Amino acid sequence: MSKKLHVQTTINGKETELLCEARQSLLEVLRDDLRLTGAKEGCNNGNCGACNLMLDGRLVNSCLVMAPEIDGRKIETIEGMASAQGLHPLQQKFLEHAALQCGICTPGFILAAKAMLAKNPTPSEGDVRHWHAGNLCRCTGYDKIIRAVLDAAPACAGKCS
Amino acid sequence: MKDIDYAAPKTLAEAVALLDGKGDRARVLAGGTDLIVQVREGRRDIDVMVDVKRIPDLTRLTVDANGLRIGAATPCCDIYEHPEVKKSYPGLVDAAFLIGGIQIQSRASLGGNLCNSSPAGDAIPALIALGAVCVIAGPKGERELPVESFCVSPGRNALARGELLAAIKISAPRTGSGAAYLRFIPRNEMDIAVVGVGVSVVLDAAKSKVVAARIGLGAVAPTPLLVKDAADALVGTTADDAAVENAASLAQAAAKPISDMRGDADYRKHLVAVLVKRTLAIALERARKS
Ligand SMILES: Cc1cc2nc3c(=O)[nH]c(=O)nc-3n(C[C@H](O)[C@H](O)[C@H](O)COP(=O)(O)OP(=O)(O)OC[C@H]3O[C@@H](n4cnc5c(N)ncnc54)[C@H](O)[C@@H]3O)c2cc1C
Ligand code: FES
Ligand code: FES
């Protein structure tokens, strides 16, 4: 039995303590131990973006973060996006544009889009496509996703930081 | 992933002691974008990851009149978003901005790119062109090594037991200088270089003649290469068509590529000439505008 490491972190604004093994990824701890299953495991090697979340304000692949690394760090996941007032504009626009089929890639795309709009509130189509190069979708052919993100941009102004 | 330990030393001395004690059973964890995949897929067998990101100097970037010092574990995004780096080191920004996608750039470091020592690592030819110096910390203290001497064969580098890369230093660009990095990949983003070329040039006061040049090549030999002949051939010329053709063919002659799934040797040789010309054109343009 490997020894467990104590980690203190903030997940979607909530202080969280957990015990993890050194060999676990952040994605595994979130999904298997904390039951936060919004982040998906697509490839487990950094290529697909399905596991995307924000770590200290930066978009990362959580399959390529070791769980003990998050001690003292801040994490934001898809579970933290909707509020009591309803869905986040990006979530709403993904629904309106039918920008998902199986939905495995969706949390990653939405987190990635949020991270982009925080830096670039008025992206061109080219900007959106370039930014999402690390997010793969097996179903939609991307067009609807790109349109949803472009359409959400004005509504996100000020909300995506 | 197999059972391993995790250590997060807060000082360089602690990290060195750990690495020295464990030898090749320990491996530095910077952004983890190479290491985690390798350990998970069983391509690298280790007992402990030594996370160096809690050592403040390892993720610190400082720019002053002497130049740039980049903590080895500083992520690419901190490099290409830095206003001074953007302005004065565009050749480095080129490379940092094309390693992986945004998610990779949030974590991937230039130190990790160098220490992974892939012949195709995108940062390495760019750093060679810029004349970067590796600052290595180890049990016997600190030593420095020119970046072109760091990689020794695919996946292997000059680090000895207990040593780690602490920082990368680049001298401030001389007046009239410009640099660029380009790679060729079959898609627009997220792929491994078939060929990568870094170039830096310094022009005279009239912005006409080349007074110094460096060219680095990636993915065409067991290690990234400094191609001195090709760069030296530009010196004293106005980088006119004949001089550029000459430099491109000398670079081509220095390239010793293999054939693999990304491209055969002849194709890579062809690309070397094409990319040297394109990269040189950007570097010259930047030098003229500097
Ligand atoms: C999806 C994806 C896309 C990628 N795209 C590219 C690309 O376009 N171009 C490219 O060049 N690479 C690419 N890579 C590879 C990788 O991201 C880069 O090589 C990156 O720069 C590695 O940096 P890191 O900080 O993540 O290194 P790590 O994975 O932390 O470390 C890499 C190796 O170097 C050692 N190491 C790290 N830092 C030190 C140090 N300071 N001292 C001693 N040893 C050290 C580690 O022990 C390990 O063996 C990609 C990877 C993925 C997963
Ligand atoms: S599961 Fe992490 S990038 Fe694919
Ligand atoms: S909706 Fe199925 S992968 Fe994107």
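Residues numbered from 1 in each chain as written. Chains lettered and ligands numbered in written order. Predicted model: local features only at pLDDT ≥ 70, side-chain atom pairs only at ≥ 80, totals over all residues. Heavy atoms only, no water.

Draft legend 1. Geometry of the overall build of chain A. Summing up its helical and strand segments, chain A has five helices and five strands in all. For chain A, the N- to C-terminal ordering of α and β elements is β-β-α-β-β-β-α-α-α-α. Expected size for 161 residues packed as a compact globule is a radius of gyration near 15 Å; at 16 Å, chain A falls within 12% of this value. Referenced to the eigenvectors of the C-alpha coordinate spread, the extents of chain A come out at roughly 50 × 30 × 25 Å. For chain A, the residues scored as buried account for 54% of the 161 residues in total. In chain A, the proportion of contacts linking residues at least 24 apart, taken out of those at least 6 apart, comes to 56%. Counting every atom, chain A has about 7300 Å² of accessible surface; 49% of that belongs to carbon and sulfur. (Helix = DSSP H or I, 4+ residues; strand = E, 2+ residues; numbered from the N terminus. Rg over C-alpha atoms; globule rule 2.2 N^0.38 Å. Buried < 20%, exposed > 50% of the residue type's maximum accessible area, 1.4 Å probe, protein only. Contact = heavy atoms within 4.5 Å. Areas by Shrake-Rupley, 256 points an atom, 1.4 Å probe, with all protein chains shown as cover.)

Draft legend 2. Main features of the interface of chain B and chain A. Facing 30 residues of chain B, the contacting portion of chain A comprises 31 residues. Where chain B meets chain A, there are five salt bridges. Across the salt bridge formed by Glu69 of chain A and Lys53 of chain B, the nearest N and O atoms sit 2.8 Å from each other. On inspection of chain B and its partner chain A, the count reaches 14 residue pairs in polar contact (both at pLDDT 80 or more). Contributing elements (two or more residues each) for the side of chain B that touches chain A: strand E1 (5-7), helix H2 (35-40), strand E3 (48-51), helix H3 (76-80) and helix H6 (102-105) of chain B. (Salt bridge = Lys/Arg side-chain N within 4 Å of Asp/Glu carboxyl O. Polar contact = N/O pair within 3.5 Å; in protein donor to acceptor, adjacent residues only side chain to side chain.)

Draft legend 3. Representation of the domain arrangement of chain A within the structure. Residues and elements named next belong to chain A. Looking at chain A, the domain boundaries give domain 1 (4-80) and domain 2 (89-155). Placing the centre of domain 1 and that of domain 2 at their C-alpha centroids yields a distance of 21 Å. Taken together, the 14 residues of domain 1 in the interface contact 14 residues of domain 2. For the pair domain 1 and domain 2, the summed buried surface comes to about 1100 Å²; carbon and sulfur atoms form 64% of the total. Applying the counting criterion to the domain 1 and domain 2 interface returns one salt bridge. At the junction of domain 1 and domain 2, the tally comes to three residue pairs in polar contact (both at pLDDT 80 or more). Those elements giving two or more residues to the side of domain 1 that touches domain 2 turn out to be strand E3 (52-55) and strand E4 (58-61). (Domains from an automatic or database assignment. Buried area = accessible area lost by both parts, 1.4 Å probe.)

Draft legend 4. Looking closely at the nonpolar core. In this structure, Leu90 of chain A together with Leu92 and Leu127 of chain B are the most contacted members of the largest nonpolar core, which totals 109 residues. Of all the elements, helix H3 (residues 106-119) of chain A adds the most residues to this core, at eight residues. Core analysis: the second largest hydrophobic core is formed by 34 residues, Val201, Val210, Ala243 and Ala255 of chain B among them. (Core = buried A, V, L, I, M, F, W, Y, C linked by side-chain atoms within 4.5 Å.)

Draft legend 5. Representation of empty space enclosed by the protein in the model. This model, assessed by the stated rule, comprises one cavity of 30 Å³ or more. Forming the boundary of the largest cavity are His130, Trp131 and Ala133 of chain A together with Phe97, Gly100, Gly101, Ile102, Gln105 and Glu189 of chain B. For the lining of the largest cavity, the secondary structure elements donating two or more residues are helix H4 (125-131) of chain A together with H6 of chain B. (1 Å grid on protein atoms, 1.4 Å probe; cavity = no way out; pocket = protein on both sides within 12 Å on 5 of 7 lines; lining within 4 Å. Points joined across faces, edges and corners; volume = space filled by probe spheres on them.)

Draft legend 6. Region of interest: the pairing of strand E4 (residues 61-64) of chain B. Residue and element names in this part refer to chain B. Sheet analysis places E4 next to strand E5 (residues 67-71), joined by four bridges and oriented antiparallel. Residue pairing across strands places Leu61 opposite Ile70, the latter belonging to E5. In this antiparallel pair of consecutive strands, E4 and E5, the connection spans two residues. (Pairing = 2+ DSSP bridges.)

Draft legend 7. Seen up close, the sheet that holds E4 of chain A. All names here are of chain A. Pairing is mixed across the open sheet formed by five strands, whose spatial order is E2-E1-E5-E3-E4. Unpaired on one side and paired on the other, strand E2 (14-21) and E4 mark the two borders of the sheet. Each strand axis lies, on average, 40° off the axis of its neighbour in the sheet, ignoring direction. Across eight bridges, the pairing between strand E1 (residues 4-11) and E2 is antiparallel. Looking at E2, one finds that Leu5 is bridged to Cys20. The sheet contacts of helix H1 (residues 26-33) involve E1, E2, E3 and strand E5 (74-76), and relative to E2 the element is tilted by about 105°. (Axes fitted to C-alpha atoms, helices over the stretch in contact; angles between N-to-C directions.)

Draft legend 8. Up close: the packing of helix H2 (residues 89-96) of chain A against helix H5 (residues 143-156) of chain A. Residues and elements named next belong to chain A. Two elements in contact, H2 and H5, have axes separated by 8 Å at closest approach and are oriented at 140°. One way to sum up the angle between H2 and H5 is to call them oblique. Our pair here, H2 against H5, has a crossing hand that is right-handed. Every residue of H5 that contacts H2 at Pro89, Leu90, Lys93 and Phe94 is listed here: Ile145, Ala148, Val149, Asp151, Ala152, Ala155 and Cys156. Tallied by class, residues from the contact of H2 with H5 come to nine nonpolar, no polar and two charged. (Parallel < 35°, antiparallel > 145°, perpendicular 65-115°, else oblique. Left-handed = near helix turned anticlockwise from the far one by under 90°. Nonpolar A, V, L, I, M, F, W, Y, C, P; charged D, E, K, R; others polar.)

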